[in-house]
Amino acid sequence: MPNQRARPTLRRRRLGEQLAAKRVQAGLGVDAASTLMGWDKPTLSKVENARRHISVKEVHDLLGHYGVTDSAFIEAMTALARDAGKKGWWAGFGDVAGAYQDLLSVETDAEGMRFFSPSLVPGLLQRGGYARQVINAAAITRTDEDKEALARLRLARQSVLERSPNPLRLWAVIGEAALHQRFPDPGAMREQLSYLLDVSHCKGITVQVMPLDCHGHPGMVGMFSIVNFPSPWPTVVNLENIRGGTFVEGTTDVAVFEEAFDQIVATALSPDASRETIKKILEEKHS
């Protein structure tokens, strides 16, 4: 298995970006900041570009030189320094988790996620049979062994919904077409629909259905998820595709997706009406 340190973790990249931002705010160049730390210029550059580990003490010292006094921010930075080099829980899944490392890290650190998924049930709400059917259809270059590992990984991700003391808050708007999907194993869809009904009653989880006969809305261009983190970390957007996903960051760009999600929610069926729709499909097609 490849050494995970060969690829900077998302946590290390975020730490480097925040430290660089604070240096700029303090009006210090890389040379000046390096001198204050007793480092050469390449060392600080490597820290800011997530190519060098930085200790908790070094984070404290850097932030002190930058004049940062916000205790909550300092604690967030030092927590990142402590955790940045740690292997995630997904390390046990081997190479199959590599393409999803950033997504898994984001889900682990997030406090809330909002999904719009027009053609399939979001991974955090998938059951085993459904997940396997989707992976078998989509992971066209994977071996059977890899596909099974991916299915187990997908189910393991869902532990964030039950973590203590702060379970992930989830809001999913799912296209009705996804609920009519047909698989070689008919039991997979029956199990999935039943689970959606059950989980829609859980605290912190909201499920809505976008009906087939809905009006136009921003989600017609594709699926996305909005990820919220505890302060001071900014919200990001994940755009999923057949090869994994990419992240959209930046206040202006993220705000577009947040406004789009609000319009999607307003267009979709209410949570109660969504449950009735799911129940009707389950009874008519899977009884």
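Here is a short report on the structure shown in this document. (Residues numbered from 1 in each chain as written. Predicted model: local features only at pLDDT ≥ 70, side-chain atom pairs only at ≥ 80, totals over all residues. Heavy atoms only, no water.)

With that out of the way, let us pick up the environment of A139. Residue position: A139 is located in the loop between α7 (128-138) and α8 (144-157). When its relative accessible area of 15% is taken as the criterion, A139 is described as buried. As for A139 and L150, which are separated by 11 residues in sequence, their C-alpha atoms are 9.2 Å apart. Setting aside residues up to four positions removed in sequence, A139 forms contacts with K147 and L150. (Helix = DSSP H or I, 4+ residues; strand = E, 2+ residues; numbered from the N terminus. Buried < 20%, exposed > 50% of the residue type's maximum accessible area, 1.4 Å probe, protein only. Contact = heavy atoms within 4.5 Å.)

Our next topic: the environment of S225. Turning to its location among the elements, S225 is positioned in strand β4 (residues 224-228). Residue S225 is classed as buried on the basis of its relative accessible area of 1%. Once residues lying within four places of it in the same chain are set aside, the contact partners of S225 are M113, R114, F115, V236, V237 and N238.

Its volume calculated, the largest pocket comes out at about 820 Å³. Surrounding the largest pocket, 33 residues form its lining, Y100, A138, R154, N241 and I242 being those nearest its centre. Breaking the lining of the largest pocket down by element, the ones donating at least two residues are α6 (101-109), α7, α8 and β5 (236-241). Per element, the largest residue contribution to the lining of the largest pocket is 5 residues, and it comes from α7. The space that makes up the second largest pocket amounts to roughly 260 Å³. In terms of lining residues, the second largest pocket is bounded by 14 residues, among which L161, E162, V199, C202 and I205 are the most central. In terms of residue class, the lining of the second largest pocket is made up of 7 nonpolar, 3 polar and 4 charged. (1 Å grid on protein atoms, 1.4 Å probe; cavity = no way out; pocket = protein on both sides within 12 Å on 5 of 7 lines; lining within 4 Å. Points joined across faces, edges and corners; volume = space filled by probe spheres on them. Nonpolar A, V, L, I, M, F, W, Y, C, P; charged D, E, K, R; others polar.)

What follows deals with the nonpolar core. Counting 56 residues, the largest nonpolar core has L63 and L125 as the members making the most contacts within it. When residues no more than four places from it in sequence are discounted, the contact partners of L125 are Q158, L161, L170, A172, Q192, Y195, L196, V199 and V207. Core analysis: the next-biggest nonpolar cluster, separate from the first, contains 13 residues, V173, I226, V237 and V248 among them. (Core = buried A, V, L, I, M, F, W, Y, C linked by side-chain atoms within 4.5 Å.)

One can find N238 in strand β5. For N238, a relative accessible area of 2% puts it in the buried group. Other than its neighbours up to four places away in sequence, N238 contacts L103, F224, S225, G245, T246 and F247.

With that settled, the discussion passes to unusual backbone geometry. The linkage connecting S164 with the following residue, P165, adopts the cis geometry, with an omega of 10 degrees. The residue P165 is located in the loop between α8 and β2 (169-175) in this model. Here A50, not a glycine, exhibits a phi torsion of approximately 65 degrees, which is positive. With respect to the helices and strands, A50 occurs in the loop between α3 (41-48) and α4 (56-65). The class for A50 is buried, based on a relative accessible area of 2%.

Our next topic: the pattern of salt bridges. As a working rule, side chains carrying opposite charge can pair if their charged atoms are close by. Summed over all chains, the structure comprises 10 salt bridges. Measuring nitrogen to oxygen at the nearest pair gives 2.6 Å for the salt bridge that ties R13 to D102. Highlighted residues: R13 in helix α1 (residues 10-25) and D102 in helix α6, separated in sequence by 89 residues. Across the salt bridge formed by D272 and R275, the nearest N and O atoms sit 2.5 Å from each other. With a gap of 3 residues between them, D272 and R275 both fall in helix α12 (residues 271-286), about one helical turn apart. On the accessibility criterion, D272 (52% relative accessible area) is exposed. (Salt bridge = Lys/Arg side-chain N within 4 Å of Asp/Glu carboxyl O.)

Keep in mind these numbers describe shape, not what the thing actually does.
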